[in-house]
Amino acid sequence: MSGKRPFTIIENEWITLRDGTRLAARIWMPDNAEADPVPTVFEFLPYRKHDGTCLRDDSTYPEFAAAGIAGVRVDIRGSGESDGVIDGEYTELELANACELIGWIAEQPWSNGSVGMMGISWGGFNCLQTAALRPPALKAVISIASTVDRYNDDIHYKNGTHLSAQLSWAATMLGYQSRSPDPALVGERWREMWMERLEKEPYFMEEWLSHQRRDAFWKHGSIGENFDDVQIPAIVIAGWADGYRNTPLKAVEGLGGKAKALIGPWVHKYPHFAWPKPRADFIGEAIAWWNRWLRGEENGIENLPQVRAYITEDLRPPAPRRDFDPGFWIGKQAWAEPETASYYADQFGVLTAGSPIPGAKGHDRYIRSPLDTGTASGEYFTLKPDAEMALDQRGDDAGSLVIETAVLEEDVDILGRPVVAVELACDADWANLCARLVDVHPDGTATRIAFGVLNLSHRDGDENPKAMPKGEKVAIRLVLDACGYRFRRGHRIRLAISTAYWPMILPAPTDPGVTLDLATLGLALPKLGDHEKITVRQPDNPDPLPKYIEHAPGTTHRSVNRDLTANRTEYRIYEDTGLSERPGTGLSTRQVREELWTIRPNDPLSMTGQSTWICDMQRDGWSVRTVSTAKLSCTATEWVTEAELTGYEGETQVFHKTFEKRIPRDFM
């Protein structure tokens, strides 16, 4: 196919499901498609096509359409202009609707019958989940920043620890899903639809907190339960600076030759406009992928290395931004479990390459970290290359057990998931453990490369936690998140172990500390192994996002305050998107997030979290606002979760609702 094909954008198309629900779609249609049918890329999200994801959609779908590939971007029920009310994350209804929509697309006169599905985050999740259901017309997927294990690699829980991102995300969804449809698209029904959402929208935190172990609720939608369910080709993409960094390698391990992995230095964004640079030509690669699997074009895209990864080196924490990460791209034609380089703590507490101490006796070391250890952790999933990313680790190291190598005499290259093994004892039923792999630069700067967390009651699995045998040593294996990194000659490799990592993870109800036997402590680093140096093409357009009309600028603040008199630490987040107008619609939107986490460093039950979202929509003569606030606190035996939702039309309050629930702690 030569040249660019003209296309038409359909801003709003109604698709009526079999149950009568009317979903809203935005469509990019190559001209003359009914005479010359085309393949289609489908994306299914709750993030509002008209005023939410439109910025990034306009960086991708016009390019697809110009290449002769239709794009169909549909809002999940209860989102944007779609009817109904959302019923949760990745529910059976959502996935059934996705399969029905794929069938609808394939039956259209402009369709060649082949559909691809793609997305980032929610859309990356549900395209893999939909692929596992095998709708006949779905031929390939591209999944970005997603998971194959909803329990351990999403924003809820991680190896039995409670991620604070769970509250943040519950507040986000309450704010986003309570927003009004646009009257310019739905007409006079807008207010009726809005009131239905406000009245019926669930507060997701209540459901999530009711499943604190890896039960059937989390197994649903986790394709890692049976990778064989997915029978179509998949590109799985993530960034080292994002919380979803494990998924590409897990996908190629589980899906085998059906999957290709691409891992760059990026935050939680599409690779063609993500930070830190270097970026990747996502558009060009995606078009080749769709042409291969939706058109049958023999273009060789299936011959890409199974794993392509960016190996970062000499990395520094952001100060105040990290726009570019030094490093190099490598390819592995076939991924296999890496060989490891072993490091052990000697009797002086130094990490030494080689073998454990022969016949070593116990070298017990007790550690009980201040509960505010972890304020340099950054966000679980990152959207900006600033203080959302992990900062200099020296402050957190002060509350940790730190062991490190001597100065490296040669470079050490790794790719994969590091593993820490140790025997330890705890005098409570459970406690949390965090291990961080850190690059110590010659000037002392400490950069986090990977981390892992574990609730000790989940040491043998997440389905059936069990109490620790008090005072008895047990063997623990803690797998850190995936990373690709070169430790440079002249640097040191540090392992930092703590019993707190706040506010990333929330504390257990007691704070017993743990006793580690350093004679048993080992760190296994995954060797980079055989590889080829490759080039990953950069995007042709260095600034692909369209420009909106700015009516008020945005701002971001993130701070830690330690009140020495009250012995209380506060972690604050303030993010204001600014008021911006999408050209051609007259619609302006603004979202403000305010979040506060507090804890006393010696009292785990003092932990509190609060997240508020203010969402504004306005055009001449019309404005609406929703304010949602989610709160979390705890007792020794319960999680206490509360939420509040208020709606305003102009200056008039038109709706108010509260939620409150106390949920027993389940080994957490």
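Right above here is the structure, for reference.
Every value quoted in this text rests on a predicted model; they were computed, and no experiment measured them.

Now for the environment of Phe-487. Along the chain, the position of Phe-487 falls in strand E22 (residues 483-487). The spacing of Phe-487 and Thr-16 is 471 residues in sequence and 55 Å in space, taken between C-alpha atoms. Contact partners of Phe-487, with chain neighbours within four places excluded, come to Leu-408, Glu-410, Asp-411, Val-412, Ile-414, Leu-437, Val-438, Asp-439, Ile-449 and Ile-493.

Those residues of helix H6 (residues 190-200) that sit buried are Trp-190, Met-193, Trp-194, Met-195, Arg-197 and Leu-198. Taken together, the buried residues of H6 touch helix H4 (165-177), helix H5 (183-186), strand E32 (622-634), strand E33 (638-649) and strand E34 (652-664).

Another point: empty space enclosed by the protein. If you walk through the whole model with that rule in mind, you get eight cavities of 30 Å³ or more. Of the volumes computed, that of the largest cavity is approximately 300 Å³. The wall of the largest cavity is formed by 25 residues, among which Trp-240, Ala-241, Arg-322, Arg-448 and Ile-449 lie closest to the centre. Among the elements of the structure, strand E20 (446-455) and E22 are those that each provide at least two residues to the lining of the largest cavity. Top contributing element to the lining of the largest cavity by residue count: E20, with five residues. A class-by-class count of the residues in the lining of the largest cavity yields 13 nonpolar, five polar and seven charged.

Summed over all chains, the structure comprises 65 salt bridges. We note a salt bridge from Arg-593 to Glu-595, for which the minimum N-O separation is 3.1 Å. Each member of the pair Arg-593 and Glu-595 is classed as buried. Two residues, Arg-625 and Asp-616, come together in a salt bridge whose shortest N-O distance is 2.6 Å. By relative accessible area, Asp-616 is classed as buried at 12%. Here the residues in one salt-bridge network are Glu-379, Lys-384, Glu-388, Arg-558, Glu-575, Arg-593 and Glu-595, joined through shared partners.

Put simply, helix H2 (residues 92-107) and helix H3 (residues 122-133) touch, their axes get as near as 10 Å, and they point 75° apart. It follows that H2 is roughly perpendicular to H3 by the angle criterion. Here Glu-94, Leu-95, Ala-98, Cys-99 and Ile-102 of H2 lie close against H3, whose contacting residues are Trp-122, Asn-126, Gln-129, Thr-130 and Leu-133. Taken together, the residues of the contact of H2 with H3 break down into six nonpolar, three polar and one charged.

With that out of the way, let us pick up the environment of Ser-377. As for its position among the elements, Ser-377 is in the loop between strand E15 (364-367) and helix H11 (394-397). What makes Ser-377 buried here is its relative accessible area of 1%. If we ignore the near neighbours within four places in the chain, the residues touching Ser-377 are Ala-390, Asp-396, Arg-448, Tyr-501 and Met-504. Looking at Ser-377, its side chain comes within polar contact range of the main-chain oxygen of Gly-374, at 2.9 Å.

Okay, the pairing of strand E1 (residues 7-16) next. Taken together, the eight bridges between E1 and strand E2 (residues 22-30) define a ladder with antiparallel strand orientation. Looking at the pairing, Ile-9 lines up with Trp-28 of E2. The turn joining E1 and E2, which pair antiparallel and follow one another in sequence, is formed by five residues; a positive phi near 90° is taken by Gly-20.

This paragraph deals with the layout of surface pockets. Estimated volume of the second largest pocket: approximately 480 Å³. If you go around the second largest pocket, you meet 19 residues; those closest to its centre are Lys-4, Glu-63, Ile-283, Ile-287 and Asp-540. Secondary structure elements with two or more residues in the lining of the second largest pocket: helix H1 (54-66) and helix H10 (282-295). Element by element, the count of residues in the lining of the second largest pocket is highest for H10, at four residues. Taken together, the residues of the lining of the second largest pocket break down into seven nonpolar, six polar and six charged.

Reading the values: the criteria
Residues numbered from 1 in each chain as written. Predicted model: local features only at pLDDT ≥ 70, side-chain atom pairs only at ≥ 80, totals over all residues. Heavy atoms only, no water. Helix = DSSP H or I, 4+ residues; strand = E, 2+ residues; numbered from the N terminus. Contact = heavy atoms within 4.5 Å. Buried < 20%, exposed > 50% of the residue type's maximum accessible area, 1.4 Å probe, protein only. 1 Å grid on protein atoms, 1.4 Å probe; cavity = no way out; pocket = protein on both sides within 12 Å on 5 of 7 lines; lining within 4 Å. Points joined across faces, edges and corners; volume = space filled by probe spheres on them. Nonpolar A, V, L, I, M, F, W, Y, C, P; charged D, E, K, R; others polar. Salt bridge = Lys/Arg side-chain N within 4 Å of Asp/Glu carboxyl O. Axes fitted to C-alpha atoms, helices over the stretch in contact; angles between N-to-C directions. Parallel < 35°, antiparallel > 145°, perpendicular 65-115°, else oblique. Polar contact = N/O pair within 3.5 Å; in protein donor to acceptor, adjacent residues only side chain to side chain. Pairing = 2+ DSSP bridges.

None of this, on its own, says anything about what the molecule does.
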